[in-house]
Amino acid sequence: MSFKTLLENKKVVTKSVDFAGEKVEIRKLSSGEVLEIQTLGRDINKVTEGSDEVDVEDASRKGIVTLVKIIKMGAIGADEVSDDDFLNFSFDDVQKLSDAILEYSGVNKKGK
């Protein structure tokens, strides 16, 4: 099978994980999506580097926006929820779900 055929017949690979006491389906992110997230991470680092006065509120906001973007990209059905609605979930749940998506996609693999 050629790579072109693989791209044309791309299958969504998913797995079930816990989020806020329920099971949700996550999928593996594409390489392009991972690059987009890494760019967002570099933007957050720019806010916190090179200055004695760090705008903690701006860095925190950008961090949460990035976590929500990861979830919207990688959790099935999450794109139907507004960014503001994600603020109603605990930060711990949001962070754990985004970490699970990144790890499932091959980013931040723990001990592997």
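Anyway, here's the lowdown on the structure attached to this text. Remember, it's a predicted structure, so these values are computed and weren't measured experimentally.

## A word on the packing of aromatic side chains
One pass over the full model with this rule turns up two aromatic pairs. Ring centres of F86 and F89 lie 5.8 Å apart, and the angle between their planes is 50°; this geometry places the pair in the tilted category. Residue classification places F86 among the buried positions, given a relative accessible area of 5%. Exposure remark for F89: the relative accessible area of 34% places this residue in the partly exposed category. Members of the aromatic cluster, joined through ring pairs, are F19, F86 and F89. The lysine or arginine in question, K28, covers the ring of Y104, its NZ or CZ lying 5.2 Å from the ring centre.

## Here we look at the nonpolar core
Membership of the largest hydrophobic core comes to 20 residues, with the highest contact counts inside it found for I26, L29, I71, L97 and I101. Of all elements in the fold, only β1 (14-19), α2 (31-48), α3 (56-74) and α5 (91-104) reach the threshold of two or more residues within this core. Those residues within four positions of I101 in sequence are excluded, and the remaining contacts are I26, R27, L29, I70, I71, G74 and A75.

The rules behind these values
Residues numbered from 1 in each chain as written. Predicted model: local features only at pLDDT ≥ 70, side-chain atom pairs only at ≥ 80, totals over all residues. Heavy atoms only, no water. Phe/Tyr/Trp six-rings, centres within 6.5 Å; stacked < 30°, edge-to-face > 60°. Buried < 20%, exposed > 50% of the residue type's maximum accessible area, 1.4 Å probe, protein only. Lys NZ or Arg CZ within 6 Å of the ring centre and 35° of its normal. Core = buried A, V, L, I, M, F, W, Y, C linked by side-chain atoms within 4.5 Å. Helix = DSSP H or I, 4+ residues; strand = E, 2+ residues; numbered from the N terminus. Contact = heavy atoms within 4.5 Å.

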